[in-house]
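# Working through the structure, step by step
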Amino acid sequence: MSGPAGRDRRETPANDRVAAARLRGVIEAPRYAEPERWRVTRPVTDLLRAPEGPRERQLVLGEAFELLEMHDGFAFGWAARDGFVGYVAEAALAADGPAPTHRVAVPASHAYSVPDLKTPELMGLSFGSELRVVSAAGGFFETAEGWFVPRPHLRPLNVPFRDPVTVAQLFFGVPYLWGGNSVWGIDCSGLVQAAWRAAGLDCPGDSDQQERVLGEALPEGTPFQRGDLLFWRGHVALAVDAEVLIHANGHTMSVAYERIADAIARIEAQGEGRPTAHRRMPVRAD
């Protein structure tokens, strides 16, 4: 994961042409730039390691991207939600406007051109898509784009979920997708990030980053409780209760439930080793 001067490229906004202004005096760069906030205009778009390179993560509609440069059809910068650095297709972004007010808070929804469920949909919307609501019409909210989204499907951004596990369970059955962050495909760390962020908690994008910073490390053998995180090398899962976890995994190629003891035994038998950490979400004051 190394980048400039041996730094983690996922966390270092710099390439051969430009670096974030905050890195002036830290790394050498041809020029330094202050970021400009842009937003995703497609239902989902890939955050790439390099132009035309492999997917590392994804952004959904309305999410913010901190832009350092546009070059040959790609935008370079980082995802505002977690600082993950990469490239996004220029065509998938638009300059920032008034901030979103609501997020899609069900697994998926649709946007319509008029407030009528019998009309053809304009696009699908994944959980976590961010929209600016400007008015209400019957059972629909109208967005700044002039779209109409069912009112029960949206939740104000300033009203987080109480329980990350409840959010993770919304994704039950969603297909596994390496680097995925949407209802059309998600991976283990994407599931944890969706769950924690919807509960108003900061969360990085990849499982190794999550293992370093999320929650409190617990001694091996500590009984599991709802919301605990169990890590392996390159994998993470959420405990549903003392005996069952939920995770996006390549074994079932989906978000699935599994008994904790069975998952530990199965993963070890595959040669992936024992869990590397058991971490617990801090108690929330609210």
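Our subject is the structure that appears above.
Summarised in this report is the structure supplied together with it. (Residues numbered from 1 in each chain as written. Predicted model: local features only at pLDDT ≥ 70, side-chain atom pairs only at ≥ 80, totals over all residues. Heavy atoms only, no water.)

### Some thoughts on the side chain of Asp8
Mapping Asp8 onto the fold places it in the segment before strand S1 (19-20). What makes Asp8 buried here is its relative accessible area of 17%. Side-chain polar atoms of Asp8 contact the side chain of Arg10, separated by 2.7 Å. (Helix = DSSP H or I, 4+ residues; strand = E, 2+ residues; numbered from the N terminus. Buried < 20%, exposed > 50% of the residue type's maximum accessible area, 1.4 Å probe, protein only. Polar contact = N/O pair within 3.5 Å; in protein donor to acceptor, adjacent residues only side chain to side chain.)

### Remarks on unusual backbone geometry
Phi is positive for Asp72, close to 50°, though the residue is something other than glycine. Here Asp72 is to be found in the loop between strand S6 (64-71) and strand S7 (74-79). Of the residues examined, Asp72 reaches a relative accessible area of 67% and is grouped as exposed. The residue Met253 is not glycine, and still its phi comes out positive at about 55°. Looking at the element boundaries, Met253 is found in the loop between strand S23 (244-249) and strand S24 (254-259).

### Here we look at the packing of aromatic side chains
Each aromatic ring pair is described using two quantities: the centre-to-centre distance and the angle formed by the ring planes. Tallied over the entire structure, the rule returns 5 aromatic pairs. Plain terms: the ring middles of Phe76 and Tyr87 are 4.8 Å apart, the flat faces sit at 40° to each other, and that makes the pair tilted. Of the two residues, Phe76 sits in strand S7 while Tyr87 sits in strand S8 (residues 85-89), which places them 11 residues apart along the sequence. Each of the two residues, Phe76 as well as Tyr87, counts as buried. Each ring, one from Tyr112 and one from Phe140, has its centre 5.8 Å from the other, and the planes form 85°; the classification is edge-to-face. Separated by 28 residues along the polypeptide, Tyr112 in strand S11 (residues 108-112) and Phe140 in strand S15 (residues 140-143) bring together distant segments of the chain. This pair shows no difference in class: Tyr112 is buried, exactly as Phe140 is. Directly above the aromatic system of Trp78 lies the positively charged group of Arg22, at a separation of 4.9 Å from the ring centroid. (Phe/Tyr/Trp six-rings, centres within 6.5 Å; stacked < 30°, edge-to-face > 60°. Lys NZ or Arg CZ within 6 Å of the ring centre and 35° of its normal.)

### A few points about the environment of Tyr32
Position of Tyr32 relative to the elements: it lies in strand S2 (residues 32-33). The class for Tyr32 is buried, based on a relative accessible area of 19%. Taking C-alpha positions, Tyr32 is 8.7 Å from Arg17, a pair spaced 15 residues apart along the chain. Each residue touching Tyr32, except ones within four places of it in the same chain, is listed here: Ala19, Ala20, Ala21, Leu23, Arg24, Gly25 and Ile27. Within the structure, Tyr32 has its side chain in polar contact with the backbone oxygen of Ile27 (distance 2.6 Å). Within the local environment of Tyr32, its side chain forms a polar contact with the backbone nitrogen of Ala29, the two atoms lying 3.3 Å apart. (Contact = heavy atoms within 4.5 Å.)

### With respect to the sheet that holds S23
Strands pair in a sheet through their backbones, by hydrogen bonds, and they do so in one of two ways: parallel or antiparallel. Taken in spatial order, the 6 strands of this open sheet run S20-S25-S21-S22-S23-S24, and their pairing is antiparallel. The open sheet is flanked by strand S20 (216-217) and S24, the only strands paired with a single partner. Relative to S24, S23 runs antiparallel, the two being bridged by 6 bridges. When the sheet's bridge partners are listed, Ile246 is paired in S24 with Tyr257. (Pairing = 2+ DSSP bridges.)

### A short note on the environment of Arg10
Locating Arg10 in the fold gives a position in the segment before S1. Note on Arg10: relative accessible area 1%, which makes it buried. With 99 residues separating them along the chain, Arg10 and Ser109 place their C-alpha atoms 31 Å apart. Beyond its immediate chain neighbours, meaning those up to four positions away, Arg10 contacts Met1, Glu56, Gly83, Phe84, Val85, Asp206, Asp208, Gln209 and Arg212.

### Quick word on the sheet that holds strand S10 (residues 102-104)
Taken together, the 3 strands give an open sheet; going across it, the order is S13-S10-S17, and neighbouring strands pair in antiparallel fashion. The strands lining the two open edges of the sheet, one partner per strand, are strand S13 (130-131) and strand S17 (154-156). The pairing of S10 with S17 spans 3 bridges and is antiparallel. Residue pairing for S17: Val104 is matched across the bridge by Leu154.

### Some remarks on helix H2 (residues 188-198)
Within H2, 10 of the 11 residues are buried, which leaves the element mostly enclosed by the surrounding structure. Turning to H2, its buried residues are Cys188, Ser189, Gly190, Leu191, Val192, Gln193, Ala194, Ala195, Trp196 and Ala198. Gly200, located one to two residues past H2, shows a positive phi value of around 80°.

### Quick word on the pattern of salt bridges
Enumeration according to the criterion identifies 24 salt bridges in this entry. Here Glu130 makes a salt bridge to Arg39, at a shortest N to O gap of 3.8 Å. Of the two residues, Glu130 sits in strand S13 while Arg39 sits in strand S3 (residues 36-40), which places them 91 residues apart along the sequence. For the pair shown, Glu130 and Arg39 are each scored as buried. Between Arg57 and Asp206 there is a salt bridge, with the nearest N and O atoms lying 3.1 Å from each other. Within this pair, whereas Arg57 is found in strand S5 (residues 55-60), its partner Asp206 is found in the loop between H2 and helix H3 (207-213), the two being separated by 149 residues in sequence. On the accessibility criterion, Arg57 (1% relative accessible area) is buried. Here the salt bridges do not stand alone but share partners, grouping Asp8, Arg10, Glu11, Arg57, Asp187, Asp206, Asp208 and Arg212 into one network. (Salt bridge = Lys/Arg side-chain N within 4 Å of Asp/Glu carboxyl O.)

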